[in-house]
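Single-letter residue listing:
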Amino acid sequence: MIEAMDISVTKAETSKLNDLNLENLPFGRYFSDHMLEADYENGEWKNVEIKPYQPLLMSPSLAALHYGQAIFEGIKAYRDPQGKAFIFRPIDNFRRFNISAARMQMPEVPEELFMEGMRRLVQLDKSWIPSQPDHSLYIRPFMFSSDEMIGVRPSETYKFMIILSPTGPYYAAPMRIYVEEHYVRACAGGIGYAKAAGNYGSSMLATAEARKKGYDQVLWTDAHEHKYVQEIGTMNVFFVIGNKAITPDLEQGTILNGVTRQTVITLLQEMGIEVEERPLSIDEIIEAYQAGTLKEVFGTGTAATITLIRELKYKDTVLSFDTDTWKVTTQIKETLNNIREGRSEDTHGWMWPV
Ligand code: COI
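Residues numbered from 1 in each chain as written. Predicted model: local features only at pLDDT ≥ 70, side-chain atom pairs only at ≥ 80, totals over all residues. Heavy atoms only, no water.

**Brief notes about the packing of aromatic side chains**
Here's step 1: The final tally for this structure, using the stated rule, is 18 aromatic pairs.
Here's step 2: Relative to Phe 160, the ring of Phe 97 lies with its centre 5.6 Å away and its plane at 70°, an arrangement referred to as edge-to-face. Of this pair, Phe 97 sits in helix 2 (residues 90-103) while Phe 160 sits in strand 8 (residues 158-167), placing them 63 residues apart in sequence. For the pair Phe 97 and Phe 160, one class covers both residues: buried.
Here's step 3: Cluster of aromatic residues (ring-pair linked, three or more members): Tyr 40, Trp 45, Phe 94, Phe 97, Phe 114, Tyr 158 and Phe 160.
Here's step 4: Its end group placed over the ring of Tyr 215, Arg 176 keeps NZ or CZ at 4.5 Å from the ring centre.
Here's step 5: When the ring centre of Phe 88 is taken as reference, the NZ or CZ atom of Arg 340 above it lies at 5.0 Å. (Phe/Tyr/Trp six-rings, centres within 6.5 Å; stacked < 30°, edge-to-face > 60°. Helix = DSSP H or I, 4+ residues; strand = E, 2+ residues; numbered from the N terminus. Buried < 20%, exposed > 50% of the residue type's maximum accessible area, 1.4 Å probe, protein only. Lys NZ or Arg CZ within 6 Å of the ring centre and 35° of its normal.)

Here you go:
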């Protein structure tokens, strides 16, 4: 463990919390009083500091700005009815963070730095955890290359940071989705499974074009044939067909191994619903819709939690749903919220006490 003396803590003189209306918070606009910062130099992590949230001073030649060695995670902290703070499954995000780091040729962040740094930061800013339904404290760990140099090679120095943002829902209402068959998010051998900043930057044009057509997000399809579905915008995706739930598998390394995805697979199985992780084609989805067996479609993600999909558009075919009648998605959402907000027993050890 990183001992107390290894993390230097400088507290903010005044808190910004009193200026913030914790009702109806937008996603990711406000940040708590403190942040964590650490430097990687000469093969080791040093200068671990928790300090007042503040701008960074950086050189215009900062490597991350030019070549995109930048990765991040999204994690959420909640408060139970007694006011005790918990973080949801952070160890899974920690592991995925280092999988992303390895793919981007970045150094590993030690477990003690990630977990203990996060715990101490959240403990310090605990009063920023909103308590109203569908709200949480979003934890954003991230790492970027920090060499001041404009040649293409892995940086020798990096910064690891954690910031905290009290937030409301990412997607407030059921969504309309455009099935993308021109642009590509990821292909086998690429970086689709990494939570790399570039994956999000490269998705924005397709999303903007879908928005112009009246849709909220795109459902990505495979790079070779645009036949198999991958994930939606910032979420993994589940299709309830007959009495099964089907979600794209992770085999090709083209989709993110979502922590909420894994959680939902477990909860569905506990509800007695068989889950299939396998390639799922858009043709199979349309056939199931036409046969009346495609019952529900939903996205899962840390930011998005569980988001209902009320419409899918593929070429000239529109699949629309009356989400008010849905049972599976509603139950999954409620079960998950009850665990996270401390109203149900956490039988899986998912809630990590701060
Ligand atoms: C998350 O779900 O935590 C994400 O990182 C998605 C998005 C906000 C980029």
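**Comments concerning the pattern of salt bridges**
Here's step 1: Summed over all chains, the structure comprises 17 salt bridges.
Here's step 2: Across the salt bridge formed by Glu 37 and Lys 159, the nearest N and O atoms sit 2.6 Å from each other. Separated by 122 residues along the polypeptide, Glu 37 in strand 2 (residues 34-41) and Lys 159 in strand 8 bring together distant segments of the chain.
Here's step 3: By relative accessible area, Lys 159 is classed as buried at 15%.
Here's step 4: Arg 96 is paired through a salt bridge with Glu 73; the nearest N and O atoms lie 2.6 Å apart. Highlighted residues: Arg 96 in helix 2 and Glu 73 in the loop between strand 4 (70-72) and strand 5 (75-79), separated in sequence by 23 residues.
Here's step 5: A relative accessible area of 0% places Glu 73 in the buried class.
Here's step 6: Among the ionic contacts, a cluster of salt bridges with common partners joins Glu 37, Asp 39, Glu 49, Lys 51 and Lys 159. (Salt bridge = Lys/Arg side-chain N within 4 Å of Asp/Glu carboxyl O.)

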